[in-house]
Amino acid sequence: MIISGKELSAKLKAEMAAEVATFGEKYGRVPHLVVILVGEDPGSVSYVTGKAKASAEVGIRNTTIRKPETISEAELLGIIAELNADAEVDGILVQLPLPKHIDEDKVIEAIDKAKDVDGFHPLNVAALWQKQPCTLPCTPKGIIKMLKAAGVGIAGKEAVVIGRSNIVGLPVSKLLLDENATVTMTHSRTRNLPEVTRRADILVVAIGRPKFVTADMVREGAVVIDVGVNRDPETGKLCGDVDFAAVEPKASVITPVPGGVGPMTICCLMENTIECFLRRMGRK
Ligand SMILES: Nc1nc2c(c(=O)[nH]1)N[C@@H](CN(C=O)c1ccc(C(=O)N[C@@H](CCC(=O)O)C(=O)O)cc1)CN2
């Protein structure tokens, strides 16, 4: 079974659009998401464009602020401070990665936690790990939604996560643990990785290496979630971290790239923006 993130996100965005359509009358305005893009990285430009398109589909006001790669850290922090103070801004997102001269942690921490639609702020991360109310990071949230939509039971299953990034590997491991999976977190220093991945009932791959996971690394009938978005070095086409053609016949459920986790990331950003808006309106 192939889980279409494209189809699931379209369904969820239509439901959100119906909800947002009532906000004008209820609250006098719709949610406002501000996305800051620094530089011209083609992938980041594509993702930011996708976020603006999804905002329009859902009826969320979107402002995209584009700044040159040479912007200083101080200037970027100044923009964030202005957005934090703007009562008509409900969500703030700085597209990652940032240029090396800018401290990403400092930028993320500068965003008002209540407007942190990425769920990256340390206070949101702490709340996630303490099972307190928080804004969940978009990709991990989308992965859990895809698993549940596909009817995949998580409780009691062996889940293996490849990758330990702050924005995917770590938070998705915690969300799987919260769903009562037995979670193994792996990374570049894990020994005998194929031995570990073959134990997985649910395998989540988020390492940014094209077609890294091959058929011999996957157990027959496993659920495979591919978070990667890469360029295939041979064809130049978009591909994931999983060799889809080789693994798909073995997997019981698998997500494609493109059209899998990516669209769900953007869909969950819309949901987070609405949640932040409603919380600010005193409705959550
Ligand atoms: N501030 C943030 N920066 C980044 C995040 C994030 O959640 N917040 N995540 C990734 C990039 N990302 C969202 O920004 C993202 C990646 C991929 C997609 C997507 O829809 N991919 C498509 C194919 C891509 C394409 O066509 O160009 C797919 O998989 O179908 C959406 C969002 C790092 N930065």
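The name recorded for the protein in an unreviewed UniProt entry is Bifunctional protein FolD, from Alistipes finegoldii. The UniProt entry for the protein carries the following comment under Subunit (unreviewed entry): "Homodimer." The record in UniProt for the protein states the following under Sequence similarities (unreviewed entry): "Belongs to the tetrahydrofolate dehydrogenase/cyclohydrolase family."

## A look at a nonpolar patch on the surface
Nonpolar side chains collect at one region of the surface, where Tyr47, Val229 and Leu238 lie side by side and expose about 240 Å² of accessible area between them. Among the structural elements, Leu238 can be located in strand 9 (residues 238-239).

## Details of the UniProt feature "domain: Tetrahydrofolate dehydrogenase/cyclohydrolase NAD(P)-binding" (unreviewed entry) in the protein
As recorded in UniProt, the feature "domain: Tetrahydrofolate dehydrogenase/cyclohydrolase NAD(P)-binding" (unreviewed entry) lies at residues 137-279. When the span residues 137-279 is considered, its composition is 35% helix and 17% strand, and the gap between its end C-alpha atoms is 17 Å.

## Remarks on the pattern of salt bridges
A complete count under the given rule lists 15 salt bridges for this structure. Ionic pairing is found between Lys211 and Asp232, a salt bridge with its closest N-O pair at 2.7 Å. Of this pair, Lys211 sits in the loop between strand 6 (202-205) and strand 7 (223-226) while Asp232 sits in the loop between strand 8 (230-231) and strand 9, placing them 21 residues apart in sequence. The class of Lys211 is partly exposed, set by a relative accessible area of 36%.

## Comments concerning the packing of aromatic side chains
Per the counting criterion, the structure on display carries 3 aromatic pairs. Ring geometry for Phe23 and Tyr27: centres 5.3 Å apart, planes at 75 degrees, overall edge-to-face. Linking Phe23 with Tyr27, this pair stays in helix 2 (residues 23-27), spanning 4 residues, or about one helical turn. Note on accessibility: Phe23 and Tyr27 belong to one class, buried. Each ring, one from Tyr27 and one from Phe277, has its centre 5.5 Å from the other, and the planes form 85 degrees; the classification is edge-to-face. One end of the pair, Tyr27, is in helix 2; the other, Phe277, is in helix 11 (residues 261-280), and 250 residues separate them in sequence. Here the aromatic residues Phe23, Tyr27 and Phe277 are joined through ring pairs into a cluster of three or more.

## A few points about the domain arrangement of the protein
Each assigned domain of the protein is listed with its residue range as follows: domain 1 (26-116) and domain 2 (136-260). Relative placement of domain 1 and domain 2: their C-alpha centres are 28 Å apart.

What counts, and at which threshold
- Residues numbered from 1 in each chain as written.
- Predicted model: local features only at pLDDT ≥ 70, side-chain atom pairs only at ≥ 80, totals over all residues.
- Heavy atoms only, no water.
- UniProt positions renumbered as here; feature names shortened; annotations may be inferred.
- Patch = residues over 30% accessible without salt bridge, like charges linked within 9 Å, V, L, I, M, F, W, Y side chains within 5 Å.
- Areas by Shrake-Rupley, 256 points an atom, 1.4 Å probe, with all protein chains shown as cover.
- Salt bridge = Lys/Arg side-chain N within 4 Å of Asp/Glu carboxyl O.
- Helix = DSSP H or I, 4+ residues; strand = E, 2+ residues; numbered from the N terminus.
- Buried < 20%, exposed > 50% of the residue type's maximum accessible area, 1.4 Å probe, protein only.
- Phe/Tyr/Trp six-rings, centres within 6.5 Å; stacked < 30°, edge-to-face > 60°.
- Domains from an automatic or database assignment.

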